[in-house]
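Spelled out, the chains give:
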Amino acid sequence: MSAEAHDLYPGARVLSRAVAGLPATDGAGVELTRLIGTPQLSLLDPFLLLDVIHSDRPQDYIAGFPPHPHRGFETVSYMLAGRMRHKDSAGHEGVIEPGGLQWMTAARGIVHSEMPEQEDGLLYGFQLWVNLPASHKLAPPAYQEFGAAQVPVERPGEGVEVRVLAGETSRGTAGPVTQPLTEPLYLDVTLPPWATFEELLPSGHNAFVYVISGEVSLPQAEGGQGRVQATELGVLSRGGPVRLSAGPAGARLLLVAGRPLNEPVARGGPFVMNTRAEVLAAYEDYNAGRLG
């Protein structure tokens, strides 16, 4: 950060780097873009993965995600357009509609499916994986699921709209999702042209911004202003407040932060544990029908 920017905004987070997503295929052939969980950004503790599905071509998404297992972490699904039906081995079933979200704690294990509830039209959504600490990886599964009308909207400035999905903003607006293990903050922010948005984040939390449309600028580590363009993810430095400014076309973005766990991470497809032996045990449990 430049000395001038630091003086104006002491302790501000800066842009560490901007990351472009990589094309990926998951489920039964769903085309998506992966931003966390790639060689460019394998992990941003406690965030393990971020996928974006954005297509109006049915062949890109219609096959969906047939039944598959998870253990050891949480999956967070948030829809902007289209509808996704989910169903699982614990008897839970529902539809995530535009503006709605599901925060599923897989913990010791669940088998579930996520299938598009549409045959054509735009499907636009995000799935974020959030790690669980070792002490809770084998806890009972749980859900927090909310429709668009249950997500509070904060308007801190003219034309600025902040949908608070999880956590609490520095202005006191609390989202419907709470998770004390990682203390996540998950915001969907819309900015008019040239508007600035500020949010105070806990100093120890890791954080990122994903730009849905437009672009945002903020100080960068080497000085001057850095920019994060539409469909890019900006990794933020540690610090406290973040200050984002929209360009001439305005911007829409996700701002996400969480408390890192600082624990070993062992991945094995749909399982995320602390050791390789625990991942192998998860596969054994799944194959033997003991997952859950």
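Coordinates for the structure precede this section.
Predicted model, so just to flag it, every value in this text is computed and none were measured.

Colleague: Any details on the sheet that holds strand β8 (residues 93–96)? Residues and values, ideally.
Modeller: Within the open sheet, the four strands sit side by side as β5-β10-β7-β8. Their pairing is antiparallel. This sheet does not close on itself; its edge strands, each paired only once, are β5 (65–70) and β8. Strand-to-strand, the axes of this sheet are offset by a mean angle of 25 degrees, without reference to chain direction. Where strand β7 (residues 84–88) and β8 come together, four bridges link them in antiparallel fashion. Its bridge partner being in β8, Arg85 is matched across the sheet by Val95.

Colleague: Mind laying out the pairing of strand β17 (residues 206–219), listing which residues take part and the relevant values?
Modeller: Along β17, 11 of the 14 residues are buried, which leaves the element largely enclosed by surrounding structure. Note that β17 and strand β20 (residues 241–258) share 10 bridges and pair antiparallel. By the bridge assignment, Val211 is partnered in β20 with Leu253. By the bridge criterion, four bridges tie β17 to strand β19 (residues 232–236) in an arrangement that is antiparallel. Note that in β19 the partner of Phe208 across the bridge is Val235. Taken together, the five bridges between β17 and strand β18 (residues 225–229) define a ladder with antiparallel strand orientation.

Colleague: Requested: an account of helix α3 (residues 276–287), with residues and values cited.
Modeller: Here α3 contains 12 residues, and its C-alpha end-to-end distance of 17 Å stays within 8% of the 16 Å for a straight helix at 1.5 Å per residue. For α3, the full list of buried residues reads Val279, Ala282 and Asp285. With its buried residues spanning 120 degrees around the axis, α3 presents them on a single face. The exposed residues of α3 that point more than 90 degrees off its buried face are Arg276, Ala277 and Asn287.

Colleague: If you had to explain the pattern of salt bridges to someone new, which residues and values would you point to?
Modeller: Pairing between side chains of opposite charge can happen when the charged atoms of each approach one another. Summed over all chains, the structure comprises 14 salt bridges. Taking the shortest distance from any N to any O, the salt bridge between Arg85 and Glu117 comes out at 3.1 Å. Placement of the pair is Arg85 in strand β7 and Glu117 in the loop between β10 (110–116) and β11 (123–131), with a sequence separation of 32 residues. A residue is classified by how much of its surface remains accessible, and Arg85, at 29% relative accessible area, is partly exposed.

Colleague: Residues and numbers for the sheet that holds strand β12 (residues 142–146), please.
Modeller: Read from one edge of the open sheet, seven strands run β2-β3-β4-β11-β6-β9-β12, paired in antiparallel fashion. The open sheet has two free edges, formed respectively by β2 (22–26) and β12, since each of these has just one partner strand. Within this sheet the neighbouring strands show an average axis-to-axis angle of 20 degrees, counted without direction. For strand β4 (residues 47–55) and β11, the ladder comprises eight bridges, and the chain directions are antiparallel. When the bridges of β11 are listed, Ser55 appears paired with Leu123.

Colleague: Account for the side chain of Arg163, with residues named and values stated.
Modeller: By the secondary structure assignment, Arg163 is in strand β14 (residues 161–166). Buried charge without a partner: Arg163 forms no salt bridge, and the closest opposite charge is Asp188, 4.6 Å away. In this structure the side chain of Arg163 is engaged in a polar contact, spanning 3.2 Å, whose partner is the backbone oxygen of Ala148. Aside from chain neighbours lying at most four places away, what touches Arg163 is Tyr78, Gly99, Ala148, Val151, Pro152, Val153, Tyr186, Leu187 and Asp188.

Colleague: Can you break down the nonpolar core residue by residue, with the values?
Modeller: If you look at the biggest cluster of nonpolar residues, it comprises 31 residues, and the most contacted ones within it are Phe126, Leu128, Tyr186, Phe208 and Leu233. Residues contacting Phe126, with those up to four places away along its chain left out, are Leu50, Asp51, Val52, Val76, Ser77, Tyr78, Leu80, Tyr186, Tyr210, Ile212 and Leu254. Of all hydrophobic cores here, the second largest spans 25 residues; its members include Val164, Val189, Val211 and Leu244.

The rules behind the values
Per-chain numbering applies: the sequence of each chain, read as written, is numbered from 1 onward. In view of the model being predicted, local features appear only for residues whose pLDDT reaches at least 70, and side-chain atom pairs are presented and counted only at 80 or more, with totals across whole chains, interfaces and linings using the full set of residues. Derived side-chain values reflect all non-hydrogen atoms in the structure, with water molecules and hydrogen atoms excluded from consideration. For two strands to count as paired, DSSP must find a minimum of two bridges between them. Under the DSSP-based scheme used, a helix requires at least four consecutive residues in state H or I and a strand at least two consecutive residues in state E, with every element numbered from the N terminus. Angles run from 0 to 180 degrees between N-to-C directions of axes, and those axes are lines fitted to C-alpha atoms, restricted for helices to the stretch in contact. Burial here depends on accessible area, computed with a 1.4 Å probe over protein chains only, as a share of the maximum for the residue type. Under 20% is buried, over 50% is exposed, and the range in between is partly exposed. The span you would expect from a helix comes to 1.5 Å times its residue count less one. The directions considered for the arc are those from the helix axis to the C-beta atoms. Put simply, a salt bridge is a Lys or Arg side-chain nitrogen that is within 4 Å of an Asp or Glu carboxyl oxygen. When charges are counted, neither His nor the chain ends are considered; positive counts come from Lys and Arg and negative counts from Asp and Glu. In the analysis that follows, any N or O atom pair within 3.5 Å is treated as a polar contact, provided that within protein one partner can donate a hydrogen and the other can accept it, and provided that, for residues neighboring in sequence, both atoms belong to side chains. Here, residues are in contact when the closest pair of their heavy atoms is within 4.5 Å. Residues grouped as a nonpolar core are buried Ala, Val, Leu, Ile, Met, Phe, Trp, Tyr and Cys residues, joined through side-chain atoms within 4.5 Å.

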